[in-house]
Amino acid sequence: MAGPRVVIIGAGVVGAALADEISARGWTEVTVVDQGPLPATGGSSSHAPGLVFQTNSSKTMTELARYTVEKFCSLDVDGKPCFLQVGGLEVATTPERVAELHRRHGWITAWGIEARLLTPEECLAQHPLLNPDKVLGGLLVPTDGLAKAVLAVEAQIRRATDRGVTFLARHEVLDVQRADGRVTGVLTDRGEIPADIVVCCAGIWGPKIARMVGMNLPLTPLGHQLAWTGPVPALAGQAEEAVRPILRHQDADLYYRDRFDAIGIGYYGHRPMPISADDILSVDEAADMPSVLKFTEDDFAPAWTETQSLLPATQDAKVEEGINGLFSFTTDNFPLLGESSEVKGFWVAEAVWVTHSAGVGRAMAEWLVDGFCSSFDLHECDVNRFEQHQLAPEYVLARDCQNFVEVYDILHPLQPSGEPRPIRTSPFHTRQQEHGAVFLEANGWERPQWYEANSGLVEGRSIPTPNDWAAQYWSPIVGAEAQATRETVAMYDMTALKRLEVTGPGAADFLEGLVTGKVAKSVGSVTYTLLLDEDGGIRSDITVARLARDRFQVGANGNLDLDWFTRHLPADGTVQVRDITPGTCCIGLWGPLARKVLQPLTDEDFTNEGLKYFRAKHAYIGTVPVTAMRLSYVGELGWELYTTADQGQKLWDTLWQAAQPLGGVIAGRGAFNSLRLEKGYRSFGTDMTYEHDPYEAGVGFAVKLDKGDFIGKAALERRKTAVQRQLTCLTIDDPRSVVLGKEPVYDGERAVGYVTSAAYGYTIGKGIAYAWLPSELATPGTTLHIGYFDERVEAVVAAEPLFDPTMSRLRG
């Protein structure tokens, strides 16, 4: 199988990896072009220091790194290894960093990679140059090490070439040709190359190439300082390139590596140094290579001072050379992978560092050849994940520079992003500010976490205070709002959730072919259902409301759902999909007194018979036209009430005026999350992702295998009887031991899974954690432990839901 004609732009560590992986899968009609020489093309791969630390809060990023390590360890060029597996050591010089290393140890353990925490003495044994008076502890990952990036490029080029792939050095891309909405070839300074698929692996030049097809790539090249000492007397005679672990001193934004008798020093503590892709010099213009800018010694001065303190042996050496090397940064620190939403056949694999390069090569090859990626969950990396505001140049530059500054910072999972804010506000924003809303950010939206105006609700209640880490971005008001929702009624701003409208004579059949449930039902029906990939993995969980014969409203999770729908639209124009989120808003009115608030405001029948559970209808609430859907993700009677943005504040005021006499409250996302976990409701992207199927995730009820064909159906029929892991509910008795997610779960001393979502359940009086576990451990009553910093928190498997298992409160 020769496969389609593929042109890969960029022969650095990503392009070479993709060429190797895709040709191994049988696609060999592949041409790789680069403006520079081979194998050192002049991009970031050519100057990269090569440090590969696998530890990451993202399971996917760790898995991409693990594959890179495993592959590079198997590669050599004429006997010269492509990976020096010396291990990776992160050291702490402050108590806060010691705690952070415990958290990072939890991540790497949860993701299945061996690591161990070290005492100060053990750190010195691993790296004798360390100052014993500074180091308080460390984290060692034995399989980390040094990637020889240029050698890895050469090794993969050789393998791909042996399979028939063509590599063309010194070919500058001038244009990506297209016709009728798809790519047809690549124009270089040496002629045209026809193509059915073009993959941009151009690294720091990625935005420039993407613009050739009208694609806005949210990536910023930033200068990053790398310096080399001269000979260090303490290292005299070191014959091997590297014998000590690669080293990170994150408290000072520094990392280190051996180079025989010298030391390489990388520094992130300087000012951000962004540059436009258009301003990067060409291969011929650059004095050294295009990705290397002049070293600015003043910026490096603090790094050298701190280095001499951490590694006293360097006091007998000096900095002899340095660069400001360009690397790619993105707004959320994830790569940019996937196909353009506008131009068929134009793909990108961008913002990928050496650490993840081979993993990305494999992921992209699977995606291209098979139509989906089976080895990695790529939902965090898909280039089409962004909202429009996240593509604005001002936004991209600000966030990318912020991410550079924070690259080694200790960041809380709820910590809101910095400027620019606010970007998106609901029509209720003014009212929320009047009630003292404490805002966090959700996809650009300002979303209240709790309201200071509810501080009086705390009095007389037993709201336990969590541990210090969990107590950040928390208030006892969260617990009071959750309890008040169960007692009376609460209003929740649900505007940040994505809303799509699917219309046209073919809308029902279109949706039936995409979702696992039956949605071509009567007008007014609402269905909780799933989108699947071809392998049966969950792409999203959505609600589909049939509001008219040819009109459906979809409650979605994000822009990837819109992209998925758009890619599958029929060519005959019988279906249209549009994002209605910006022009609409939503209030969740939930609680046992919700009907007493709503019914007096409308002539429509909102009794149980008038609007049953999972049904929708149009109504007027006072003077406000709404679409009311009887749904609840907090487990209480109530409705999601949608209206247009111009009427939003009026809807808020109307409901609030009616709710106050009944003791109603407005409540934030903190309460919402606690209540949803008490009911066992899943959150896509956190609890379940592309790597999980419905039966593992506990949402098999949303699959109707007796309906017609849908994407992923055949795979589900195979997977249904092969469940080996389950998303499982755990409860924690100790009220201070609230965990936050991504912690390892232990059966004895063996790590067996990891936490997804967690919160305190203010109704049930226990901590709640959902975790992926082997099926044999998912039996209610099983006692396990969660690794939380330096503690082991006892947790017990519980039957779900924890609250109202008969659903009587929802259906009443």
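Here, the structure is the one placed above.
These figures come from a predicted structure and were not determined experimentally.

## Concerning the overall build of the protein chain
1) Next: From N to C terminus, the protein chain includes 20 helices and 42 strands.
2) Next: The C-alpha radius of gyration of the protein chain comes to 28 Å, within 12% of the 28 Å expected for a compact globule of 812 residues.
3) Next: The dimensions of the protein chain, computed from C-alpha atoms along their principal axes, are 85 × 65 × 50 Å.
4) Next: When each of the 812 residues of the protein chain is scored for burial, the buried share is 61%.
5) Next: Considering only residue pairs separated by 6 or more positions, the protein chain has 72% of its internal contacts joining residues 24 or more positions apart.
6) Next: A total accessible area of about 29700 Å² is found for the protein chain, and carbon and sulfur atoms account for 49% of it.
7) Next: For the protein chain, the distance from the average site of its 73 positive side-chain charges to the average site of its 105 negative ones is 6 Å.

## Let's talk about the sheet that holds strand β3 (residues 51-52)
Hydrogen bonds along the backbone pair up the strands of a sheet, which may run parallel or antiparallel.
1) Next: One open sheet accounts for three strands, arranged β3-β10-β6; its pairing is antiparallel. With one partner strand each, in any of the chains shown, β3 and β6 (83-84) form the two edges of the open sheet.
2) Next: In the sheet, β3 pairs with strand β10 (residues 145-147) via two bridges, with the strands oriented antiparallel. Paired with Leu51 across the bridge in β10 is Leu146.

## Digging into the packing of helix α3 (residues 59-73) against helix α9 (residues 357-370)
1) Next: Two elements in contact, α3 and α9, have axes separated by 6 Å at closest approach and are oriented at 105 degrees. Our classification of the angle between α3 and α9 gives roughly perpendicular. Residues Leu64, Tyr67, Thr68, Lys71 and Phe72 of α3 form the contact with α9, whose own contacting residues are Ser357, Ala358, Gly359, Val360 and Arg362.
2) Next: Within the contact of α3 with α9, the residues separate by chemical class into five nonpolar, three polar and two charged.

## What about the sheet that holds strand β11 (residues 166-168)?
1) Next: Within the open sheet, the six strands sit side by side as β11-β2-β1-β15-β23-β22. Their pairing is mixed. Each having just a single partner strand, β11 and β22 (336-339) make up the two edges of the open sheet. In this sheet, neighbouring strand axes are inclined to one another by 15 degrees on average, regardless of whether the strands run parallel or antiparallel.

## Topic: unusual backbone geometry
1) Next: Residues Glu419 and Pro420 are joined by a peptide bond in cis, for which omega reads 0 degrees.
2) Next: Cis geometry is found at the peptide bond from Arg421 to Pro422, where omega equals -10 degrees.
3) Next: Residue placement: Pro422 occurs in the loop between α10 (393-405) and α11 (429-434).
4) Next: If you check the backbone angles, Phe614 has positive phi at about 60 degrees while not being a glycine.
5) Next: Turning to its location among the elements, Phe614 is positioned in the loop between α15 (594-598) and β33 (616-621).
6) Next: A positive phi angle is found at Lys742, which is not glycine, with a value near 80 degrees.
7) Next: With respect to the helices and strands, Lys742 occurs in the loop between β37 (725-732) and β38 (744-747).
8) Next: In this structure Lys742 comes out as partly exposed when scored by relative accessible area, which is 32%.

## Brief notes about the nonpolar core
1) Next: Ranked by internal contacts, the top residues of the largest apolar core, which has 73 residues, are Ile8, Leu18, Phe72, Val199, Leu337 and Met364.
2) Next: In this structure, Val199 is in contact with Val6, Val7, Ile8, Ile9, Leu18, Trp347, Met364 and Leu368, ignoring residues within four places of it in sequence.
3) Next: Counting residues in hydrophobic clusters, the runner-up holds 49 residues, among them Phe672, Tyr760, Leu773 and Leu777.

## Regarding the environment of Thr62
1) Next: Within the fold, Thr62 resides in helix α3.
2) Next: A residue is classified by how much of its surface remains accessible, and Thr62, at 0% relative accessible area, is buried.
3) Next: Sequence separation between Thr62 and Ile108 is 46 residues, and the spatial gap between their C-alpha atoms is 7.7 Å.
4) Next: Those residues in contact with Thr62, other than ones at most four positions away along the chain, are Gln54, Thr55, Asn56, Ile108, Trp111 and Ile113.

## Considerations on the pairing of strand β18 (residues 254-259)
1) Next: The element β18 is extensively covered by neighbouring structure, given that five of its six residues are classed as buried.
2) Next: In terms of strand pairing, strand β17 (residues 246-249) meets β18 through three bridges, oriented antiparallel. Its bridge partner lying in β18, Arg248 is registered against Tyr255.
3) Next: For β18 and strand β19 (residues 262-267), the ladder comprises six bridges, and the chain directions are antiparallel. Within the sheet, the bridge partner assigned to Arg259 lies in β19 and is Ala262.
4) Next: Here β18 folds back onto β19, and the loop between the two strands holds two residues, one of which, Phe260, carries a positive phi near 55 degrees.

## Some words on helix α16 (residues 648-659)
1) Next: Taking 1.5 Å of rise per residue, twelve residues should cover 16 Å, and α16 covers 16 Å from first to last C-alpha, within 8% of that figure.
2) Next: Among the residues of α16, Gly648, Leu651, Trp652, Thr654, Leu655, Trp656 and Ala659 are the ones counted as buried.

## Section: the pattern of salt bridges
Proximity of charged atoms lets side chains of opposite charge pair with each other.
1) Next: Enumeration over the complete set of coordinates arrives at 54 salt bridges.
2) Next: Asp20 is the partner of Lys71 in a salt bridge, and the nearest nitrogen-oxygen pair spans 2.7 Å. Highlighted residues: Lys71 in helix α3 and Asp20 in helix α1 (residues 13-24), separated in sequence by 51 residues. For the pair formed by Lys71 and Asp20, the shared burial category is buried.

## Side note on the environment of Phe439
1) Next: Among the secondary structure elements, Phe439 is positioned in strand β24 (residues 437-442).
2) Next: Counting along the chain gives 230 residues from Phe439 to Arg669, while the straight-line C-alpha distance between them is 9.5 Å.

## Some words on the side chain of Asp258
1) Next: Checked against the element boundaries, Asp258 lands in strand β18.
2) Next: A distance of 3.4 Å separates the side chain of Asp258 from the side chain of Gln238, its partner in a polar contact.
3) Next: Of note is the side chain of Asp258, whose polar atom sits 3.0 Å from the backbone nitrogen of Val243.

Reading the values: rules and limits
- Residues numbered from 1 in each chain as written.
- Predicted model: local features only at pLDDT ≥ 70, side-chain atom pairs only at ≥ 80, totals over all residues.
- Heavy atoms only, no water.
- Helix = DSSP H or I, 4+ residues; strand = E, 2+ residues; numbered from the N terminus.
- Rg over C-alpha atoms; globule rule 2.2 N^0.38 Å.
- Buried < 20%, exposed > 50% of the residue type's maximum accessible area, 1.4 Å probe, protein only.
- Contact = heavy atoms within 4.5 Å.
- Areas by Shrake-Rupley, 256 points an atom, 1.4 Å probe, with all protein chains shown as cover.
- Lys, Arg positive; Asp, Glu negative; His and termini not counted.
- Charge placed at Lys NZ, Arg CZ, Asp CG, Glu CD.
- Pairing = 2+ DSSP bridges.
- Axes fitted to C-alpha atoms, helices over the stretch in contact; angles between N-to-C directions.
- Parallel < 35°, antiparallel > 145°, perpendicular 65-115°, else oblique.
- Nonpolar A, V, L, I, M, F, W, Y, C, P; charged D, E, K, R; others polar.
- Core = buried A, V, L, I, M, F, W, Y, C linked by side-chain atoms within 4.5 Å.
- Expected span 1.5 Å × (residues − 1).
- Salt bridge = Lys/Arg side-chain N within 4 Å of Asp/Glu carboxyl O.
- Polar contact = N/O pair within 3.5 Å; in protein donor to acceptor, adjacent residues only side chain to side chain.

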